[in-house]
Amino acid sequence: MTSPPPPFTQVVLKVHSRCDLACDHCYVYEHADTGWRSRPRVVGDAVLARAAERIGEHAVAHGLTAVRVVLHGGEPLLAGPAVIRRAVEALRAALPEVCEPDLRVHTNGVRLSAAYCELFDELGVRVGLSLDGDRAANDRHRRFADGRSSHPQVLRAVGLLREPRFRHLYAGLLCTVDVANDPAAVYRALAELEPPAVDFLLPHATWERPPSRPAELGPTSYADWLLAVHARWEADGRPFAVRTFDSVHRTLSGLPGLGEALGLEPVDLVVLETDGAYEQADSLRTAYDGAPATGMDVFRHSLDDVLRHPGMAARQAGPAGLNAVCRACPVVRSCGGGLYAHRYREGSFDHPSVYCADLRVLIDGLAARAGTAARAVPPPVDVAGPGLTDSQLGELALGLGGPETVRALARSQLALTRAMLAAVHGSAGLARSAAWELLAELDAAEPAAVDAVLAHPYVRAWAARRLSGDPGAGLGPLAELAASAAVLAGRGDTVTVPVRDGVLHLPTLGRLVLGRGVREALITGGPTGWTACTDDGALTGPGDPRWQPVRRIGAMALEDVDPQRAVHRWPVADRLSSAAYTGWAHDLRTATRLLDLELPDYAVGLRAGLTTVTPLRPGPDGRDLSSAARQAFGAVAVARPRDASTLALLLVHEFQHVKLGAVLDRVELYDRGDTRLFEAFGLSPRPIGSLFQAVYAHLAVTAFWGTRAADGPPSARARFAHWRGLTDEAVDLLADSGALTPLGERFAAGARQSVDLWLLPHASREQPGERPLRRAR
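Residues numbered from 1 in each chain as written. Predicted model: local features only at pLDDT ≥ 70, side-chain atom pairs only at ≥ 80, totals over all residues. Heavy atoms only, no water.

Bringing the overall build of the protein chain into the picture now. Tallying secondary structure elements over the protein chain gives 26 helices and 22 strands in all. Relative to the 2.2 N^0.38 estimate, which gives 28 Å for 777 residues, the radius of gyration of the protein chain is 27 Å and therefore close to what a compact globule would have. By principal-axis analysis of the C-alpha atoms, the protein chain measures approximately 90 × 65 × 50 Å. Taken across its 777 residues, the protein chain has 59% of its residues classed as buried. Of the contacts made within the protein chain by residues no fewer than 6 positions apart, 70% connect residues no fewer than 24 positions apart. Split by element, the accessible area of the protein chain, about 30500 Å² in all, is 55% carbon and sulfur. With 83 positive and 89 negative side-chain charges, the protein chain shows a separation of 1 Å between the mean positions of the two kinds. (Helix = DSSP H or I, 4+ residues; strand = E, 2+ residues; numbered from the N terminus. Rg over C-alpha atoms; globule rule 2.2 N^0.38 Å. Buried < 20%, exposed > 50% of the residue type's maximum accessible area, 1.4 Å probe, protein only. Contact = heavy atoms within 4.5 Å. Areas by Shrake-Rupley, 256 points an atom, 1.4 Å probe, with all protein chains shown as cover. Lys, Arg positive; Asp, Glu negative; His and termini not counted. Charge placed at Lys NZ, Arg CZ, Asp CG, Glu CD.)

Right under this line is the structure:
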C-alpha cells in the first residue's frame, strides 16, 4: 500500500511579482520561464485571505506543529508595509494554536529600513538577505537596471539587522556562487557581517543551459570553490551555520538533508503566486517556460490537491525517482541526485545533475575532512528514560500527576535531551570538540552539574532546531552548555565560548553583554565563581555590571535572556526592567499560592515540573497570550495578564500541555495516521492529536472555574458552566472517536471521571469517599 505524501511544511508566499534590481543571474526574470509577466504586481486581499485559510486547514488536517512561511517576490518589500501586515495577521489567525508559525521575509535589502524592521519586530518576522560577497563579487551580478551597484544599500540593510534592537530578526545571508569570484574574499566579506547563517547557492543551470566554467579553473570548479570556503569556515571555528556543509555532514551521519538540493528527503515546499496560483519550486523556472506550474490555485484547490500533482510526486519519490546512474552512486544518500531542476535535459529530468562531478568531489572532500567524526558519536541513549508506574499513569490519565510522577516525566525528558545532543554532535562532522569532551568528562565526574544545565527547557529546543536543519541553529550553544556545566561544577575547568552578536550566553545562568568586536571568551569555572577572559584581553565575570543573570522566583526561573527561548507561538519579551521584574515576581508568587489553595491536586505537579516562565510581549488589544512548546519541557510562556488570578489559570492550562507532550514522547495515545478532523470548544476543526491536547488542558480550566463557582460571583459560575459543558462534550467526542489506543482509551476514561466530578452538585463533591458517577446519556 502506498503511503500518503508528507505534508507541506514550507510555503513561499509571493507578495510582489516584480523587482527593483536587474540581477543577470536571476532565475525568475532571466531564465526560461516567463510566467511572471502575467502575474499581478501585488498580491490581493482575497488571495491573502484564501491562502491563509488553505495553509491553516493544511496544518489542522496534518496535525502540524510548525509551518515556515517565507514572504518572497520579486522583491517583497515593494508590496509595502500594509500588505505585509495583512499577510502576517491573516496567517497567524488561520493557523491552529498548536502550530507555531516560523515567519520570514527574503529581500535584496535595497528598501529595508528601520520602519520595516520595527514592523517585522512587531510581527515576529525574521529577515534574510541576498548578498554575493564583497563589492566586486556582488556587483558582478546584483545591479540596478541602470548599472548602479546595490552593494552600499545591502550593507546598510545588514547594518540595521546587526543593531542590538533588531539583531534577533537577522536570519542570514544567501550568496549565489560565481567561481570567477575569489572564495577567500567572498567568505571574509560575509563573515565580517556576523550572519547567523549563510546559504551558498549553486547558480541555477541545466544540461541545456550549463553553468559558467572558466577552462583554467577545471571541471569541478564549483566544488573547489566551496571547499576553499569550507577550509576557512572550519579554521574560524564554524562561526555561523552553512546549510550546504551542514547538510552533507548530516547525510553522512544518516540524518536527513536540509532541503531539496541535497539528500533524499521528499519535497515539503510549495510556492503561492500573487494571483493565488500554486507552483512548484522556483528553481524549475530555469528548465523551460511553464515548468513550475501546477494548474491549481487557492480558490479551487487545497494543498492536499497540490500534494498529488505529478510534479510534486516526482520530487517525493526518494531513490526510486532517480536515474540508474544516480541510484548506483556511493554518495547518493548525501547528493540525492542534486537539485531537481539541475537534472533537466532534452525534455526530461531523468538525468544526473549538471553539477554531478562537483557534488561528488564536494561530498568526498567534506567526508575526508571530517575524518573519524562518525566514530566519535557516544553510544545510544535510552531515550525513554525511567518508566512510569501504573499508578502514575492513572494520575496522568485523570489530568493530574503528583510530584514524583512529574519528576519521572522530567527524567524521561532529560534522557531524550541527552540523546538529541549526542545526535547533534554526531551529525556535525566534528573530528574533535573540546566542548563535547568537557561535557563528557563533567558528566562522569559531576553529573548533577551537567543535569542541571541539560534540564533547562531550551536546551532541547535548540537541539531540535539543529536536528531539523534550521540554518540559524549553529553549534555555538554546545560550548555554552559546557561552560555553564563547568561553572556549576566549580572544578576550575576552562572552555572557549563564542560570543554571538556581542553577547556571551551561559544557559541557566545568564548573559554578559560585551559589545561588538569580541568574538570569543575563555570561561573558567572555579569553586568561588567564574571568570571570562575575552579575546581582546579583558577579564570579567559575574560582578561586571553588564552581566544579566537569570532571575528566579523561588524554584522558577523568569527566563528573559536565553536566545533559544523564541520557540513559542508568540514573540518573547526582551530583558525585563527591574520594575517589570518586581511586578512579575509578585504576580507569580500570588498565582502559585492561589493554585496551592484552590487547585492543590494540580499545583503539586506544577510546582515539581514548571521550572521556567518566559515572558511574552503583550498581546494585541490586551488579549491574554500563553504558550507551551513541545520541545521545551518545563517551560510556559505568558504575556503578563491583568491580574494574578488570570496568570494562575494560564499557567495551569499550559502546564497540562507540557505534561501531555512528555507522555506522548513515551507512549502512543491515538492513531497518528487518522486524518479526520474534529470540532470542539468552538474552534476550527482539528485532528485527533489537537483534540486530545485541548481536552487535557481544559480539564484544568474546568477545575479552576469549578472551585470558584460555589462562592464566587455570577461571572465565575457562568464561566464554569461554559467550560464544563464544552469539556464534557469534547470528552465524549474523544472517547467515541475510534482513534484511541488502549492507553488512550484509559486517558479518555480518566478525563470522563474528572469531568463527571464537576457534573455533580457542589455538596456531593465534598462528601468523603464520594465516587462520581457517569451521567446517563
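Having seen the model, we can carry on.
Bringing the sheet that holds strand β16 (residues 539-540) into the picture now. The strands making up a sheet associate through backbone hydrogen bonding, with each pair oriented either parallel or antiparallel. The antiparallel open sheet is built from 4 strands, whose spatial order is β11-β14-β15-β16. Of all strands in the sheet, those bounded by a partner on one side alone are β11 (493-498) and β16. Direction of pairing for strand β14 (residues 520-526) relative to strand β15 (residues 529-534): antiparallel, over a ladder of 6 bridges. Within β15, the residue paired with Leu 522 across the bridge is Cys 533. Strands β11, β14 and β15 of the sheet are contacted by helix α19 (residues 476-489), whose axis makes an angle of about 150° with β11. (Pairing = 2+ DSSP bridges. Axes fitted to C-alpha atoms, helices over the stretch in contact; angles between N-to-C directions.)

It is worth spelling out the environment of Gly 619 at this point. Tracing the chain through its elements places Gly 619 in the loop between β20 (612-615) and β21 (626-627). For the pair formed by Gly 619 and Ala 639, sequence separation is 20 residues and the distance between their alpha carbons is 6.9 Å. With residues up to four places along the chain from it excluded, the contact list for Gly 619 reads Leu 625 and Ala 639.

All right, on to the pattern of salt bridges then. Evaluated as defined, the whole model comprises 57 salt bridges. Notably, a salt bridge pairs Asp 102 with Arg 68, separated by 2.8 Å at the nearest N-O pair. Remark: Arg 68 occurs in strand β2 (residues 66-72) and Asp 102 occurs in strand β3 (residues 100-107); sequence separation between them is 34 residues. For the salt bridge of Arg 162 with Glu 194, the shortest nitrogen-to-oxygen distance reads 2.9 Å. With Arg 162 in helix α5 (residues 151-162) and Glu 194 in the loop between α6 (183-191) and β6 (197-201), this pair connects stretches of sequence that are 32 residues apart. This pair shows no difference in class: Arg 162 is buried, exactly as Glu 194 is. Ionic contacts of the salt-bridge type, sharing partners, join the residues Lys 14, Asp 33, Arg 39, Glu 273, Asp 275, Glu 279, Asp 282 and Arg 285 into one network. (Salt bridge = Lys/Arg side-chain N within 4 Å of Asp/Glu carboxyl O.)

Before going further, it helps to examine the side chain of Asp 121. Structurally, Asp 121 is set in helix α3 (residues 114-123). The class of Asp 121 is buried, set by a relative accessible area of 19%. Within polar-contact distance, the side chain of Asp 121 engages the side chain of His 168 at 2.7 Å. For Asp 121, the contacting residues outside a window of four places in its chain are His 168, Leu 169 and Arg 617. (Polar contact = N/O pair within 3.5 Å; in protein donor to acceptor, adjacent residues only side chain to side chain.)

Attention now goes to the packing of helix α15 (residues 403-427) against helix α21 (residues 600-609). Packing of α15 against α21 brings their axes to within 8 Å, and their N-to-C directions diverge by 35°. Pair α15 / α21 crosses with right-handed handedness. Contact residues: Pro 403, Val 406 and Arg 407 in α15; Val 604, Gly 605, Ala 608 and Gly 609 in α21. Among the residues making up the contact of α15 with α21, the classes are represented as 4 nonpolar, 2 polar and 1 charged. (Left-handed = near helix turned anticlockwise from the far one by under 90°. Nonpolar A, V, L, I, M, F, W, Y, C, P; charged D, E, K, R; others polar.)

This paragraph deals with the sheet that holds β6. On the basis of which strands lie adjacent, the open sheet formed by 10 strands has the order β7-β6-β5-β4-β3-β2-β1-β8-β9-β10 and mixed pairing. Whereas interior strands pair on both sides, the edge strands pair on one side only; in this sheet they are β7 (241-242) and β10 (293-297). In this sheet, β2 lies alongside strand β1 (residues 10-14) in parallel orientation, the contact comprising 5 bridges. In the strand pairing of β2, Lys 14 is matched with His 72. Relative to strand β4 (residues 125-130), α5 is tilted by about 150°, and along the sheet it contacts β4 and β5 (170-176).

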